[in-house]
Amino acid sequence: MFRNQYDTDVTTWSPAGRLFQVEYAMEAVKQGSAAIGLRSKSHVVLACVNKSNSELSSHQKKIFKVDDHIGVAISGLTADGRVLSRYMRNECINYFYSYESQLPVGRLVVQLADKAQVCTQRSWKRPYGVGLLVGGLDESGAHLYYNCPSGNYFEYQAFAIGSRSQAAKTYLERKFETFMESSRENLIKDALFALRETLQGEKLTSSTCTIAVVGVGEAFHILDQETVQALINEFEIAGEEAPADEAAAPDQADDSESSATAADQVTPSDPDVAPMDM
Amino acid sequence: MTKQQANWSPYDNNGGTCVAIAGADYCVIAADTRMSSGYNILTRDYSKIIQLADKSVMASSGFQADVRALQKVLASRHLLYQHQHNKQMSCPAMAQLLSNTLYYKRFFPYYAFNVLGGLDNEGKGCVFTYDAVGSYERVGYSSQGSGSTLITPFLDNQLKSPSPLLLPAKDAVTPLSEAEAIDLVKTCFASATERDIYTGDKLEIIVLNASGIRQEYMELRKD
């Protein structure tokens, strides 16, 4: 796929009808850390893995509030994501200024897609190297969209992007049919489980992930660390297997016993995890 | 051929009066709710007051179409600020923004006479008073609009210590309690309503303090 004579600029087609620069931009999205989105009839949950350059630095901000009713999670070139978030915020503010009502999510993603398309057809530009999971609420309900560097966008029930997102997608593919009718709590729980799949064994704690929610009667906001840690503990997913099916109540009773003993050994040394009540 | 004069003005004056008083830990902002044009009353129930941020409330008299446009611009700018800074704008910051926004239209001004009230970063009451093109000053109390000429001298007399007439003011804010300040405001408007034809109908009072924001109404003479 790489290093051929047709990939120098974005305005050159390959003989097979491909624009390699655009495809390379999509590669950049795959290199970023995972971001996941799910939606029900009334809520959208965005979750992402916190990635930092080194132990000394803070982690990158991957979830941005665009307006009270829209938020976005990004994967790829964070700088491009920040610029696009600023654009989206401006569009929402200007729309509200003109129409005194909220910009419908479907309209925003089209504008975003058109903006991305421009960069695939100008020789002096390069495609944005960021994939965006746009979650929002409007009169027609809750929506989750994925905008990619090519200028394409799709609506999803649930989706995951970034590195090791396939593991999350596999989990989501198993459970997605239940999401539409899911409660807010279960939606967040599924987001955490899916996120855990991408961590491949690494511990899921509130410092390794960021969760954001938007829903009917609930403005878009990022959940704070204590809330997330409490949810992780409640769902006992720190190190346990996700329940294979919905008859999970007896399983969870067994899980709580084994995870209690496991956590017993872990918590004294780990300051990020809230101590579990015995 | 004599020079043609404009026979159409882009401005109109919808009348009304605004007052704000700053206290040690509160701020009272008040305005009447009458909207007029010429000798007609357009409505008896129009609010001239808007809450721009957690701790900033603006009252504006003058041309209400320009006032509304100004309110929308400030609301949008505040939203942008919140996205960028992850917090609400402070009242002094909003005061500067209002000044800049007004001066931006120096050569086709917003016909708006504004009074901005709120709590500063230390929780003390603050009042900022403006002219139509953005010149502003922090004061302990202020009045703008058609009844201001009747109210300002009365406030100078009642609130002696924060009066700028002493130059500099003896106190930055009034030593009155919140209840006393509200009572004073009601007295001001009751008197102004008697003599100013553009002021009356109803008085809207907003009180901003550490526990939050509160709204009160008082009937005024309708003639």
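Residues numbered from 1 in each chain as written. Chains lettered and ligands numbered in written order. Predicted model: local features only at pLDDT ≥ 70, side-chain atom pairs only at ≥ 80, totals over all residues. Heavy atoms only, no water.

Trainee: Help me out: how do you make sense of the overall build of chain A in this one?
Mentor: The secondary structure content of chain A amounts to seven helices and 10 strands. The proportion of buried residues among the 278 residues of chain A is 49%. Taken as a whole, chain A presents about 13,800 Å² of accessible surface, with 50% of it coming from carbon and sulfur. (Helix = DSSP H or I, 4+ residues; strand = E, 2+ residues; numbered from the N terminus. Buried < 20%, exposed > 50% of the residue type's maximum accessible area, 1.4 Å probe, protein only. Areas by Shrake-Rupley, 256 points an atom, 1.4 Å probe, with all protein chains shown as cover.)

Trainee: Just to check I follow, could you spell out the overall build of chain B for this structure?
Mentor: Along chain B, the regular secondary structure elements total four helices and 12 strands. Relative to a compact globule of 223 residues, whose C-alpha radius of gyration would be 17 Å, chain B shows 17 Å and is just as compact. Across its three principal axes, chain B shows a C-alpha extent of roughly 60 × 45 × 35 Å. For chain B, contacts bridging at least 24 residues in sequence account for 62% of all contacts bridging at least 6. Accessible surface, chain B: about 11,100 Å² in total, of which carbon and sulfur atoms supply 53%. Considering chain B, the positive charge centre built from 21 side chains and the negative charge centre built from 22 side chains are found 5 Å apart. (Rg over C-alpha atoms; globule rule 2.2 N^0.38 Å. Contact = heavy atoms within 4.5 Å. Lys, Arg positive; Asp, Glu negative; His and termini not counted. Charge placed at Lys NZ, Arg CZ, Asp CG, Glu CD.)

Trainee: Looking at this structure, how should I read the confidence of the model for chain A?
Mentor: Of the residues in chain A, 84% reach a pLDDT of 70 or more, and the chain-wide mean stands at 86. Taken as a whole, residues 244-278 of chain A scores under 50 in pLDDT and shows 31 contacts with residues more than four places along the chain or in a different chain. (pLDDT = per-residue confidence, 0-100.)

Trainee: Help me understand the pairing of strand β7 (residues 112-119) of chain B, please; the structure alone is not making it clear to me.
Mentor: Regular strands show a simple pattern: their side chains alternate between the two faces of the sheet. Residue and element names in this part refer to chain B. With seven of eight residues buried, β7 lies mostly within the body of the structure. As defined by bridge partners, strand β6 (residues 56-62) adjoins β7 across seven bridges and the pair is classed as antiparallel. Residue pairing for β7: Ser60 is matched across the bridge by Asn114. One ladder, built from five bridges, connects β7 with strand β8 (residues 125-130); its direction is antiparallel. Looking at the pairing, Leu119 lines up with Gly125 of β8. (Pairing = 2+ DSSP bridges.)

Trainee: I would appreciate a short explanation of the sheet that holds strand β12 (residues 212-219) of chain B in the present structure.
Mentor: Paired through their backbone hydrogen bonds, the strands of a sheet run either parallel or antiparallel. Residues and elements named next belong to chain B. Sheet architecture is open: five strands sit in the order β10-β1-β2-β11-β12, paired in antiparallel fashion. Both edges of this open sheet fall to β10 (141-145) and β12, since each of them pairs with a single strand only. Each strand of the sheet is rotated relative to its neighbour by a mean of 15°, with strand direction disregarded. Contacts from helix α3 (residues 148-158) reach β1 (17-22) and β10 within the one sheet, and its direction differs from that of β10 by about 170°. (Axes fitted to C-alpha atoms, helices over the stretch in contact; angles between N-to-C directions.)

Trainee: Looking at this structure, I do not really get the pairing of strand β2 (residues 26-32) of chain B. What am I missing?
Mentor: Residue and element names in this part refer to chain B. Burial analysis of β2 places seven of its seven residues in the buried class, which makes it a mostly covered element. Along β2, one buried face is formed by Tyr26, Val28, Ala30 and Asp32 and the opposite face, lined by Cys27, Ile29 and Ala31, is buried too. Bridging between β1 and β2 involves five bridges; their strand directions are antiparallel. The partner of Ala22 across the bridge, within β2, is Cys27. The turn linking β1 back onto β2 is made up of three residues. Note: β2 against strand β11 (residues 202-209), seven bridges, orientation antiparallel. In the strand pairing of β11, Ala30 is matched with Ile205.

Trainee: Would you explain the interface of chain A and chain B in this entry?
Mentor: Many authors give the size of an interface as the accessible area that is lost as the parts come together. Each partner contributes residues to the interface: chain A has eight residues there, and chain B has eight residues. Carbon and sulfur atoms supply 56% of the area that chain A and chain B bury against each other, a total of about 820 Å² over both sides. If you sort the residues of chain A by the area they bury against chain B, A:Arg89, A:Ile93 and A:Tyr97 come out on top, with a joint share of 63%. Linking chain A with chain B are four residue pairs in polar contact (both at pLDDT 80 or more), by the criterion used here. (Buried area = accessible area lost by both parts, 1.4 Å probe. Polar contact = N/O pair within 3.5 Å; in protein donor to acceptor, adjacent residues only side chain to side chain.)

Trainee: What is the right way to read helix α4 (residues 165-175) of chain A from this model?
Mentor: Side chains three or four residues apart in an α-helix point the same way, a direct result of the helix having 3.6 residues per turn. Residue and element names in this part refer to chain A. Turning to α4, its buried residues number three or more, namely Ser165, Ala168, Tyr171, Leu172 and Lys175. Projection of α4 onto a plane perpendicular to its axis shows the buried side chains occupying an angular sector of 120°, all on one side. For α4, the exposed residues set more than 90 degrees away from the buried face come down to Glu173 and Arg174. Looking at the packing, one finds that the buried side of α4 touches β1 (35-39), β8 (158-161) and α5 (184-199). (Arc of directions from axis to C-beta.)

Trainee: Any chance you could explain the sheet that holds β7(B) here in plain terms?
Mentor: Residues and elements named next belong to chain B. Strand order in this open sheet of five strands is β5-β6-β7-β8-β9, and the pairing throughout is antiparallel. The open sheet has two free edges, formed respectively by β5 (49-53) and β9 (136-139), since each of these has just one partner strand. Taking each pair of neighbouring strands and ignoring which way they run, the sheet shows an average axis angle of 25°. When β8 meets β9, the two strands line up antiparallel, connected through four bridges. Bridging from a neighbouring strand, Thr129 pairs with Glu137 of β9. Together, β5, β6 and β7 form the strand contacts of helix α1 (residues 64-85), whose direction differs from that of β6 by roughly 160°. Across the sheet, helix α2 (residues 91-104) touches β5, β6, β7, β8 and β9, and the angle it forms with β8 is around 5°.

Trainee: Where do I start with the UniProt feature "domain: Proteasome alpha-type subunits" (unreviewed entry) in chain A in this structure?
Mentor: Taking the UniProt record as the reference, the feature "domain: Proteasome alpha-type subunits" (unreviewed entry) is found at residues 6-28 of chain A. Annotated as 39% helix and 0% strand, the span residues 6-28 of chain A places its first and last C-alpha atoms 19 Å apart. (UniProt positions renumbered as here; feature names shortened; annotations may be inferred.)

Trainee: Looking at this structure, I do not really get unusual backbone geometry. What am I missing?
Mentor: What is expected of a backbone is that most residues other than glycine have negative phi and most peptide bonds are trans. Of note in the backbone geometry, A:Glu100 takes a positive phi value of approximately 50° without being a glycine. When you line up the elements, A:Glu100 lands in the loop between α2 (78-99) and α3 (105-118). Within the chain, B:Asp201 stands out as a residue other than glycine whose phi angle is a positive 70°. By secondary structure assignment, the location of B:Asp201 is in the loop between α4 (178-195) and β11.

Trainee: Could you clarify how one ought to interpret the nonpolar core in this entry?
Mentor: Burial of nonpolar side chains together is a common tendency in soluble globular proteins. Residues and elements named next belong to chain A. In terms of nonpolar packing, the biggest core is built from 29 residues, with Leu38, Leu172, Leu192 and Ile211 touching the most fellow members. Of all elements in the fold, only β1, β2 (43-49), β8, α4, α5, β9 (209-215) and α6 (225-235) reach the threshold of two or more residues within this core. For Ile211, the contacting residues outside a window of four places in its chain are Val45, Leu46, Ala47, Ile188, Leu192, Leu195, His221, Ile222, Leu223 and Val228. (Core = buried A, V, L, I, M, F, W, Y, C linked by side-chain atoms within 4.5 Å.)

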